[in-house]
Amino acid sequence: MVTKIKYWKWSAAIGFLFLLVGLAAVIGSNNGVPVQAADQIENSVSADTTLGSNSDISKIKDMLLNSYQNYDSVSFKFNAWELIDGKKHLTNASVKVVQRPVPMVNMTMTSGMDGEKQYITQEISDGKQTFTYDEGRNWYFVRDTYISPDPKKMPAEAPENAISVYENGTRIPSGGDVELVVHPELLAQNWMLNSQVSIGEVEKVAGREALRLDIFPSEAAKDKLGDKRVYWIDTQTGIILGNDIYHNDQKSQSFVLEDVVLNQEIPKDEFVFIAPQGVPDLNTIHASPLPE
Amino acid sequence: MKSRSKGLILAFLIITTILCASLPVLAATTIIYNGGSGWSQSGSEWHSQSTGRDGQPIGYSPPMVWTWNNSSSTSEAGAWSISNASGGCYIYAYIPRNYADVNQRYYIWDNNSIIASSLVNQASYADQWINLGYFSIVPSHTVRVQFDDFTPGVSSNTRYAGFDEMRFVF
C-alpha cells in the first residue's frame, strides 16, 4: 500500500512538473499572437531625447530603434539617384506617413533610368487595407493590413543576422530605399553591425538638424555595400534625412529629403485608394506561380 | 498494482496533454534550398556560383544561383514552396554578398493567390537573412515565395537577380 501511494505521488509530481513547464512555455512565448489590430497600437509619444555630436552609439541606436514613437505624422519628398553601369537611375517619391492613432501610408513613386520612361509605383494603406499599384508590371492588388505589437521585436526563433523592420503598420513594402527613411531601425540592425562607425557633427539637411554618421562596412561586404556609407539622422526624430554611398571613393548612390513636415494633421482622404482604370487586379488574372 | 497503473496512466495523460498544448507555440523552421526539394525554376539562363569575388564560399549553403535582370519581361523566375502549411509564418530570404544586387519584389502566394509583395534592394545586404514579413496562410495550403528578373525601368543585364535559401518559420 505504501508503495502504491508512493507511485501515485511520484506520478502526480511528474505530471505537475510538466504542467508547470508547459504553462511557462505558453506564457513565455509570443508566437501565438504575432499581429494585432491597428487601433490597439499604443497612443503615446516617448520622452524627448535629442541627438548631438557628443551622443554615444547606444543613444543613437536607441533613437533609431524608437524613431516611430517620436512623431505622429510626417510628409516628405524623396529624391534619389544611383549609378547603374555608369548611368543614373532616378527615384522620386512623395510620401505621407501617419503613425498614430491608426498607422497610414501614402507613397507615390516614379523610377527609371535618367532620360527614359519613369514608372509609377503606388502604395496606400488606410490602416485596414493596403493598395499596391505597379505600372511597370501593369497590375494592382489590395490586401489586409496587419500590425505587429512591437515592430522591433524579433521572434525568438529568428535566424542569426536577421533583420525585422516591416511590421509597425507604416511599412512601405513597395518603397525599397524609401522605407529606410521611416524605418531607421534598419540602420541600427543592419549596416551598423560588423562595421566601423564614426559619429560626425550636426549639419543642416532638408532644413533640419541632422547628426552625420559615417559607416565603414567590413572588408567582406565592401564590394556590395561600399567603402563608406554616410547617413544624416534627424536629431529630434531619428528619421533618415539623407544618405550617400561611396564605392572606391566615388559617390555611387545618394538620396535626400525635401519639404519635411512633421506632426501636421493629414486628412484621411489622402489615404483613400482608387484602382486605376484598365489595370487588372493581380488576383483576378489566372495566376500561375511560374511562367509556363 | 492497480493504483500504480492508474497513476502511470494519469501521469501519461497529463504529460501528453501538456505537450500537445505546447506544440503550437514551438516554432517549426523549414529552409528551402535552391536546387533542393521545394525549389522550382523556369527559364534557361541560370548561373551557379559557389564562391564570391573574394574566393570564399558564397550563399547560406553554396552554391547560390543568379541571372541577369531583364527590363522588358520575365525570362527567369524561381520559387520556394512548402505544401501543407500549418498556418501563418515569418519568411526570411538569404541575400549573399555578391551576385545579388537587384531592387526587386518577392511575391508571397497562398495556393494560387498572391497575398503580398515585398520590395528588397539586394544591393543593400551582404550575407544576411532579410525578414520579408509575417504572412497569414490558410492551414493546409501551399505557401510559396516567387522571385524573378523583370525590372521595368532598369536596363537589362546591369543587375544580378540573386537566388539563395528561403527560411519559413511557422
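As shown above, the structure is provided for reference.
Quantities reported herein were computed from a predicted structural model and do not represent experimental measurements. (Residues numbered from 1 in each chain as written. Chains lettered and ligands numbered in written order. Predicted model: local features only at pLDDT ≥ 70, side-chain atom pairs only at ≥ 80, totals over all residues.)

(A) Broad picture of the overall build of chain B. Scanning chain B for helices and strands turns up one helix and twelve strands. Sequence-ordered secondary structure for chain B, helices as α and strands as β, is α-β-β-β-β-β-β-β-β-β-β-β-β. Out of the 170 residues belonging to chain B, those deemed buried represent 51%. Contacts spanning at least 24 positions in sequence make up 76% of the contacts within chain B whose residues lie at least 6 apart. (Helix = DSSP H or I, 4+ residues; strand = E, 2+ residues; numbered from the N terminus. Buried ≥ 20, exposed ≤ 12 C-beta atoms within 10 Å, placed from the backbone. Contact = placed C-beta atoms within 7 Å.)

(B) Representation of the overall build of chain A within the structure. Within chain A, the secondary structure is distributed over five helices and twelve strands. Classification of the 292 residues of chain A by burial places 37% in the buried group. Within chain A, counting contacts between residues at least 6 apart in sequence, those at least 24 apart form 56% of the total.

(C) Region of the structure containing the nonpolar core. In terms of nonpolar packing, the biggest core is built from 88 residues, with Phe78 and Ile240 of chain A together with Cys89, Ile91, Ala93 and Ile108 of chain B touching the most fellow members. Ranked by the residues each element gives to this core, the list is headed by strand 6 (residues 89-95) of chain B, at seven residues. With near-sequence residues (within four places) excluded, Phe78 of chain A lies in contact with Asn92, Ala93, Val95, Val178, Val181, Phe255 and Leu257 of chain A. (Core = buried A, V, L, I, M, F, W, Y, C linked by C-beta atoms within 7 Å.)

(D) Molecular detail of unusual backbone geometry. The amide bond that connects Arg100 of chain A to the next residue, Pro101 of chain A, takes the cis arrangement and shows omega of 5°. Inspection of the secondary structure assignment puts Pro101 of chain A in the loop between strand 2 (87-98) and strand 3 (104-113). The linkage connecting Pro62 of chain B with the following residue, Pro63 of chain B, adopts the cis geometry, with an omega of 5°. Along the chain, Pro63 of chain B turns up in the loop between strand 3 (47-49) and strand 4 (64-68). The phi torsion at Asp85 of chain A lies on the positive side, around 55°, for a residue other than glycine. Assignment of secondary structure puts Asp85 of chain A in the loop between strand 1 (73-84) and strand 2. Looking at Asp85 of chain A, the number of C-beta atoms within 10 Å reads 11, which means it is exposed. Here the phi dihedral of Asn248 of chain A falls at roughly 50°; this positive angle occurs in a residue that is not glycine. On the secondary structure map, Asn248 of chain A appears in the loop between strand 11 (240-247) and strand 12 (250-262). Residue classification places Asn248 of chain A among the exposed positions, given that 8 C-beta atoms sit within 10 Å.

(E) The sheet that holds strand 8 (residues 113-121) of chain B, seen in detail. Residue and element names in this part refer to chain B. Within the open sheet, the five strands sit side by side as 2-5-10-7-8. Their pairing is antiparallel. In the strand order of this sheet, the two ends are held by strand 2 (39-42) and strand 8, each with one partner. Within the sheet, the average angular offset between the axes of one strand and its neighbour, ignoring direction, is 20°. As defined by bridge partners, strand 2 adjoins strand 5 (residues 77-82) across four bridges and the pair is classed as antiparallel. Considered in strand 5, the bridge of Ser42 is made with Ala77. (Pairing = 2+ DSSP bridges. Axes fitted to C-alpha atoms, helices over the stretch in contact; angles between N-to-C directions.)

(F) Region of the structure containing helix 2 (residues 57-65) of chain A. Residue and element names in this part refer to chain A. Where helix 2 is concerned, the buried positions are Ile60, Met63 and Leu64. Considered in projection along helix 2, the buried side chains sweep an arc of 100° and stay on one side of the axis. Packing partners of the buried residues in helix 2 comprise helix 4 (185-191). (Arc of directions from axis to C-beta.)

(G) Here's a closer look at the pairing of strand 11 of chain A. All names here are of chain A. With six bridges connecting them, strand 10 (residues 228-234) and strand 11 associate as antiparallel partners. Bridge pairing in strand 11 links Tyr231 to Asn243. Sheet topology note: the strand 11/strand 12 ladder contains six bridges and is antiparallel. Residue pairing across strands places Asp244 opposite Ser254, the latter belonging to strand 12. From the end of strand 11 to the start of strand 12, which pair antiparallel, there are two residues, and Asn248 there has a positive phi angle of about 50°.

(H) Highlighting the pairing of strand 9 (residues 128-135) of chain B. Residues and elements named next belong to chain B. Burial runs high along strand 9: seven of the eight residues are buried. Two elements, strand 6 and strand 9, share seven bridges in a ladder whose sense is antiparallel. Paired with Tyr90 across the two strands is Tyr134, which belongs to strand 9.

(I) Structural context of the sheet that holds strand 4 of chain B. All names here are of chain B. Judged by pairing direction, the sheet is antiparallel, and its three strands sit side by side in the order 3-4-11 without closing on themselves. Looking at the sheet topology across the chains shown, the edges are occupied by strand 3 and strand 11 (160-163). Recorded for the sheet is a direction-independent mean angle of 35° between the axes of neighbouring strands. Sheet analysis places strand 4 next to strand 11, joined by four bridges and oriented antiparallel. Within strand 11, the position partnered with Trp68 by the bridge is Tyr160.

(J) Expanded view of the environment of Arg100 of chain A. As for its placement among the helices and strands, Arg100 of chain A is situated in the loop between strand 2 and strand 3. Arg100 of chain A sits in the buried class, given 20 other C-beta atoms within 10 Å.

All quantities given are derived from atomic positions and should not be read as evidence of function.
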